[in-house]
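Breakdown of the fold
Chain residues, written in single-letter form:
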Amino acid sequence: MHLKILGRKIAQATGLKFIDLSLILLFIIVILKLSSLYFSVNTDDGNWERFKVAHDCKLQTTETGTQRLSWGCDDGKIYYRWRQQR
């Protein structure tokens, strides 16, 4: 309840409606969360070549052999080079 009152006071001080201020804050929170997810992704492709050799990874393709789907490694896991799920 206190948060709603505080929100209304801030809305009055800024000249925005309460719903507008709420939407702006929600949008900012979503942008911050998405940017933190984007920057926390491990894009370390430099280690992939060594990892691929050390774990005897084999390229897996479709039945027609046209699409490279993923890498099957000797640890029993499936890895995607663009995502490197280790």
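Heads up: these notes are all about the structure in this document. (Residues numbered from 1 in each chain as written. Predicted model: local features only at pLDDT ≥ 70, side-chain atom pairs only at ≥ 80, totals over all residues. Heavy atoms only, no water.)

Looking at the packing of aromatic side chains
Counted by the stated rule, this structure contains 1 aromatic pair. Here the aromatic rings of Phe51 and Tyr79 are separated by 5.1 Å at their centres, their planes lie at 75 degrees, and the arrangement is edge-to-face. Separated by 28 residues along the polypeptide, Phe51 in helix α3 (residues 48-54) and Tyr79 in strand β3 (residues 78-79) bring together distant segments of the chain. You'll find Phe51 and Tyr79 in the same group, each marked buried. (Phe/Tyr/Trp six-rings, centres within 6.5 Å; stacked < 30°, edge-to-face > 60°. Helix = DSSP H or I, 4+ residues; strand = E, 2+ residues; numbered from the N terminus. Buried < 20%, exposed > 50% of the residue type's maximum accessible area, 1.4 Å probe, protein only.)

Comments concerning the state of the cysteines
Per the stated rule, a full pass over the model turns up 1 disulfide. Residue Cys57 pairs covalently with Cys73 via a disulfide, S to S 2.0 Å. For the disulfide bridge between Cys57 and Cys73, the dihedral angle about the S-S bond is near 105 degrees, and by the sign convention the bridge is right-handed. Highlighted residues: Cys57 in the loop between α3 and β1 (58-61) and Cys73 in the loop between β2 (68-72) and β3, separated in sequence by 16 residues. Owing to a relative accessible area of 9%, Cys73 belongs among the buried residues under this scheme. (Disulfide = S-S within 2.5 Å.)

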